[in-house]
Amino acid sequence: GGRVKVVHERTAPLWEDGEAPVYYQTQIQWYMRCLGLQRGFFAVRFSTPKFMILRVERDDETIDRVEEIVEDFWENRVLARVAPDEEKLVDVGQEI
């Protein structure tokens, strides 16, 4: 599974270490879980002529934590019909 990302110059430093930002890593881990994959890829096009491909290995610990967060949200917000408090919304990446 792969994702294509176009990166603006102001967010390019988030990719400088050769890894995707945590919110994209979380996203691709979830895709790997849903599709049963062991690895995923990012094709990254920067606003400069720079281009790179990143390989991401499956991380079951991260997937398990994301699954807990998703289940909690589904059961306690969606099914319960309770909107989340705007001031308490948290990036899933910070929860992991």
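Residues numbered from 1 in each chain as written. Predicted model: local features only at pLDDT ≥ 70, side-chain atom pairs only at ≥ 80, totals over all residues. Heavy atoms only, no water.

Participant: Would you take a moment to explain helix α1 (residues 22-35) for this structure?
Facilitator: Three or four residues apart is the spacing at which side chains of an α-helix point the same way, because the helix has 3.6 residues per turn. The first and last C-alpha atoms of α1 sit 20 Å apart over 14 residues, in line with the 20 Å expected at 1.5 Å per residue. Inspection of α1 places T26, I28, Q29 and M32 among the buried residues, and these make up the whole buried set. Among the residues trailing α1, G36 stands out with phi positive, at a value near 70°. (Helix = DSSP H or I, 4+ residues; strand = E, 2+ residues; numbered from the N terminus. Expected span 1.5 Å × (residues − 1). Buried < 20%, exposed > 50% of the residue type's maximum accessible area, 1.4 Å probe, protein only.)

Participant: Where do I start with a nonpolar patch on the surface in this structure?
Facilitator: Together, F73, W74, V78 and L79 make up an exposed nonpolar region whose accessible area comes to about 410 Å². Looking at the secondary structure, you find W74 in helix α2 (residues 60-78). (Patch = residues over 30% accessible without salt bridge, like charges linked within 9 Å, V, L, I, M, F, W, Y side chains within 5 Å. Areas by Shrake-Rupley, 256 points an atom, 1.4 Å probe, with all protein chains shown as cover. Salt bridge = Lys/Arg side-chain N within 4 Å of Asp/Glu carboxyl O.)

Participant: It is not clear to me how unusual backbone geometry should be interpreted in this structure. Could you clarify?
Facilitator: It is generally the case that most residues other than glycine have a negative phi and that most peptide bonds are trans. In this structure, R81 takes a positive phi of about 55° despite not being glycine. Structurally, the position occupied by R81 is in the loop between α2 and α3 (92-95). According to the relative accessible area criterion, R81 is exposed, its value standing at 78%.

Participant: Even after reading the chapter, I still don't get the sheet that holds strand β3 (residues 51-57), so can you show me in this structure?
Facilitator: Hydrogen bonds between backbone atoms are what pair the strands of a sheet, whose relative direction is either parallel or antiparallel. In space, the three strands of this open sheet follow the order β1-β2-β3, with mixed pairing throughout. Of all strands in the sheet, those bounded by a partner on one side alone are β1 (2-7) and β3. Sheet twist, expressed as the average angle between the axes of neighbouring strands with direction ignored, equals 20°. Of the strand pairs in this sheet, strand β2 (residues 39-46) and β3 are connected by seven bridges, and their pairing is antiparallel. Its bridge partner being in β3, V44 is matched across the sheet by M52. Sheet strands touched by α1: β1, β2 and β3. Its angle to β2, the strand with the most contacts, is close to 140°. (Pairing = 2+ DSSP bridges. Axes fitted to C-alpha atoms, helices over the stretch in contact; angles between N-to-C directions. Contact = heavy atoms within 4.5 Å.)

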